[in-house]
Amino acid sequence: MATRQQAATSDVAADMTDRAFLQQQADSPRRERGTRVRRRRVRAAWLFLAPMLVVLAAVAGWPLVRTFWFSMTDASLSSLEGGQFIGLENYLVYDNGWYGIMADPMWWQSVWNTLYFTLVSVSLEAVLGVIVALVLNAHFRGRTLVRAAMLIPWAIPTVVSAKIWAWMLNDQFGIINHMLLGLGLIDAPLSWTADASLSMWAVIIVDVWKATPFVALLVLAALQMLPSDCYEAAKVDGIHPVRVFFRVTLPLIMPALLVAIIFRALDALRVFDVIYVLTSNAASTMTMSIYARQQLVEFQDVGYGSAASTLLFMIIALITVVYLYIGRRQLGGGS
Amino acid sequence: MAGVKLERVNKRFGSTRVIDDVSMAIGDGEFVVFVGPSGCGKSTLLRLIAGLESITNGDLLIDEQRVNNLTPQERGIGMVFQSYALYPHMSVYQNIAFGLKLAKTDKQTVDERVRQTARILQLDGLLERLPKALSGGQRQRVAIGRAMAREPKILLFDEPLSNLDAALRVQTRNEIAGLHKRLGSTMIYVTHDQVEAMTLADRIVVLNAGHVEQIGTPQELYERPASRFVAGFIGSPRMNFIHVEARTGNDRGCRINVPGVGERDLPQQLPADAVGERLELGVRPEHLHLTPAAQGEGVEVVNVEYLGSEAYLYLQMADGELLVCRTEAPSRFERGERVTLDFDADKVHLFDGEGRALPVADAARRSDRHSEQAPT
Amino acid sequence: MTLRTLKGIVLKIGFWLLVAVLMVYAIFPFYYALVTSLKPSSELFQVSYWVDSVDFSNYATVLSQPTFLAAIRNSVIVAVSVVLIALLLGLTAAWALGRVRFRGRTTVMMIVLGVSMFPQVAVLSGLFEVIRTLDLYNSPGGLILSYTIFTLPFTVWILTTFMRQLPDELEEAAIVDGASPWVTLTKVFMPLLWPAMATTGLLAFIAAWNEFLFALTFTLTDSQRTVPVAIALISGGSQYELPWGPIMAASVIVTVPLVVLVVIFQRRIVSGLTAGAVKG
Ligand SMILES: Nc1ncnc2c1ncn2[C@@H]1O[C@H](COP(=O)(O)OP(=O)(O)OP(=O)(O)O)[C@@H](O)[C@H]1O
Ligand SMILES: [Mg+2]
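From a predicted model like this one, the values you see are computed outputs, not experimental measurements.

## Some details on the sheet that holds strand β16 (residues 299-306) of chain B
Residues and elements named next belong to chain B. The sheet built from five strands is open, its strands ordered β15-β19-β16-β17-β18 with antiparallel pairing. Sheet topology places β15 (288-292) and β18 (322-328) at the edges, where each strand pairs with a single neighbour. Adjacent strand axes in the sheet meet at a mean angle of 45 degrees when their direction is disregarded. One ladder, built from two bridges, connects β16 with strand β19 (residues 338-343); its direction is antiparallel.

Here's what the structure looks like:
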């Protein structure tokens, strides 16, 4: 998951500069056509892009197409090529009762789990992220140290953080239970990862711990760009700081926060490793990615698993398209 | 022989025409300066010659060869950029040597050329420094060195002095002039500073909104501007323009009525059918003559600027126009005084409704005219 | 003491309390892993907040396992190769996308952006087939290839951002000097982009080092595992008696280099993560 976060972050950042850049371009357009130099550059541009495009086609484009295809076959892991075309039967088919993913309550459970996980963890990360960013934005001694500390959860591999938390949340010897017992908040140790009613929360706790720095960094970047004069104006007017935050700061950092939230949401929708390590294939925390991989690898049912992957892809693609559309609209009308 | 010839060169960006039918011929070894107001297309024209922009229409010839499709390097061009654009990670030596190495020059020649260039530009002691450890003037010289190291046939400068402070600008200007004498290569230089243009140029090209207003030596442009635009652009303080009315006119001269001055005979040819049209009279500040006037007559001196070696007097005309007069310092007149205006009829300019200068009748005809018109 | 100064003091104490809580929240889990890893297995099941006597037996256990050492070696090979490939391909692509205006540029940018949003699961079966066809299954090569799906897009994005910030006149100077695009890129731009490349490379390294799903799916034998998979798969006699000591020791071993890198290069990383979002 960490990997995806980083990818997401940089997209955000690059996307932001892209806007600034386009703006700048609009001011002093530099479009040439026709010179030798120019033609040579365009040819070189395609030549330079070619390796990247080939690699992306090999690892993303073609595999995606194949996944779509597999989802309409009955291929199995041991005989990928032996799959027969069966139309949409993997998705839904009537054969004295409904069969297929759409008729599988486990799939719907995993969709629900994914949405629930996404909503709760991203909300918590947004709130916490803003708080952390506000703290890091204040001027105090040791600020760099605190900022470095905040980066640690982000740097720890997801698998490792899941393991560490699994140990801390251990029902018998975990330090969390120990603390809660000591504080008198609970009477008996909780089995965080095994108890179906708690395990989702265990996953959320770990995810929030790990992903909050990401949100905080993006928000912090936005905070540092805020013009100081409107703060001074507010100060002069004697407006209460809390009001200033909601009236001035929050609207100004909203774009950055939204970008962070959307990328976090995209990450959360495809969550895999933290859950796999923490609770394995348990039904109470089964997400779409876990479900798809289980079908694909553990049950060796490539056709069915690919259909689940395809559905997951559709959902994320839809969200992405909506985001890009909104982003474009902002780009057009924002300035 | 590296002459540059532009034949009806056009440049469009999308639908906006930035360079409009520009033709000119620049001789080998000539120092030509492009001037004009901001946005008139000076840089664009220079970049067309350099090969950094493509020519939409027309021909560019270097040494009688069409080079529209050649790269800057193939054209034999060196260019000095406004921001210097030195390679920040390379030492002065490497900066100068970069182009030479790319041209596969052998090591020894590269070294010789770099050292020779450095000697000419007095960069000897700085060869191992990085650009960030140089002053503005030194960076400028490195930029020039880099451009000339490959011994290009043509050196192009785009406002090379605009990032320097005033004193350094004068000094570097002189150095560039010296360099031109020494190298003898063709140089094309863009500036919006007319002092630079006047002092450096063999010939000046005045551009306005993408077309050539006039090409000529500094003296020609100053003494015989082809248009009101050129007249107003060259010279500081600016030429004074006064609306006048033509009384008589023929191919030997004309008579005009100048408000506040009276009727005057001028050597400019004026077609008879243009009589009665409104014209503009252009008088340089140094060609205005002032004499004291009685209270209630003449025009008022509204301001006096003392500059040490000379003084500028500002006169308020009846129609509200402000005229500038250059006089010796200290000025004989003070603010608030009233003066009568006059000018040398031989040194003024007359512009028609479209801003074109009216041609001056030649001397023989003029004396003719005098004998004829004097009695009336 | 006026009410005002009292209020100031309370606010100040509150702020520092908040800072302290955040610090503990961020650092404690890793600290606790460290504490656990340094305890002898006999003390493992007594909760304590610090180590009384340092004991390295867990580390000895982990480091004496050939599979764990192989995993570290595999992770290093994979991560370093991925970084090099991503930087090389990313740099050339960034030049094209950042400095040349041509038709189709926006489309390419959208494709790159789109790929970075791919759920990895969506390509799992297709990629599995590709990797098997190329005979890269259960080898670092398969992982190197598959990791470009997430490292390449963000490398391209970040480098494009930095590439655009380089002045136009610099490139024009190079053109006038007779430099081809390749020479401009390698001789003029690359030396100026070292900081950006270091940042991007670091992010790509972390991403590749931490990846789990592909590593789990595209490797089969213990000798080909990467570190995250190795740690995830450490097991004891039964599910209920995981060897927590060695697991924590392994976790610390694979995390310490990252934490050190992150703390040293935190400025870099922050600027890379928010490249362009902050001015300057
Ligand atoms: N790439 C371009 N695309 C569109 N328009 C351009 C482009 N480059 C220049 N222009 C326009 O062409 C006109 C001339 O530009 P140019 O840079 O040549 O002016 P200039 O005379 O050098 O001005 P300055 O003295 O301010 O440098 C300007 O109106 C400018 O906006
Ligand atoms: Mg210009």
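Next, the rest of the story.
## Digging into the interface of chain C and chain A
At the interface, 113 residues of chain C touch 107 residues of chain A. Counting the surface lost from both chain C and chain A, the interface buries some 9,900 Å², and carbon and sulfur atoms represent 75% of this. For E171 of chain C, the salt bridge identified is with R41 of chain A, shortest N-O distance 2.7 Å. Linking chain C with chain A are 14 residue pairs in polar contact (both at pLDDT 80 or more), by the criterion used here. Top contributing element to the side of chain C that touches chain A by residue count: helix α1 (residues 3-37) of chain C, with 15 residues. Residue composition of the side of chain C that touches chain A, grouped by class: 80 nonpolar, 20 polar and 13 charged.

## Section: the nonpolar core
The nonpolar side chains of a soluble globular protein tend to be buried, and buried together. Among the nonpolar cores identified, the biggest contains 240 residues, and F34 of chain B together with W95 of chain C are the most heavily contacted of them. Considering each element in turn, this core owes the most residues, 17 residues, to helix α7 (residues 196-225) of chain A. Once residues within four sequence positions are removed from consideration, F34 of chain B is found in contact with M24, K42, L45, L46, I49, I188, Y189, V190, T191, V205 and L207 of chain B.

## A short note on the domain arrangement of chain B
All names here are of chain B. When its domains are assigned, chain B resolves into domain 1 (4-232) and domain 2 (237-369). Once you take the C-alpha centre of each, domain 1 and domain 2 turn out to be 38 Å apart. At the junction of the two partners, domain 1 supplies nine residues and domain 2 supplies eleven residues. Both sides of the domain 1 and domain 2 interface together cover about 870 Å² of buried area, and 49% of this is carbon and sulfur. Its largest share of buried area at the contact with domain 2, domain 1 owes to Y222, R228 and A231, together 63% of the area lost on that side. There are one salt bridge connecting domain 1 and domain 2. For E280, the salt bridge goes to R228, with nearest N and O atoms at 2.6 Å. Summed over the shared surface of domain 1 and domain 2, the number is five residue pairs in polar contact (both at pLDDT 80 or more). When contributions to the side of domain 1 that touches domain 2 are tallied by element, the ones reaching two or more residues are α8 (218-223) and α9 (228-233).

Definitions and limits used
- Residues numbered from 1 in each chain as written.
- Chains lettered and ligands numbered in written order.
- Predicted model: local features only at pLDDT ≥ 70, side-chain atom pairs only at ≥ 80, totals over all residues.
- Heavy atoms only, no water.
- Pairing = 2+ DSSP bridges.
- Helix = DSSP H or I, 4+ residues; strand = E, 2+ residues; numbered from the N terminus.
- Axes fitted to C-alpha atoms, helices over the stretch in contact; angles between N-to-C directions.
- Contact = heavy atoms within 4.5 Å.
- Buried area = accessible area lost by both parts, 1.4 Å probe.
- Salt bridge = Lys/Arg side-chain N within 4 Å of Asp/Glu carboxyl O.
- Polar contact = N/O pair within 3.5 Å; in protein donor to acceptor, adjacent residues only side chain to side chain.
- Nonpolar A, V, L, I, M, F, W, Y, C, P; charged D, E, K, R; others polar.
- Core = buried A, V, L, I, M, F, W, Y, C linked by side-chain atoms within 4.5 Å.
- Buried < 20%, exposed > 50% of the residue type's maximum accessible area, 1.4 Å probe, protein only.
- Domains from an automatic or database assignment.

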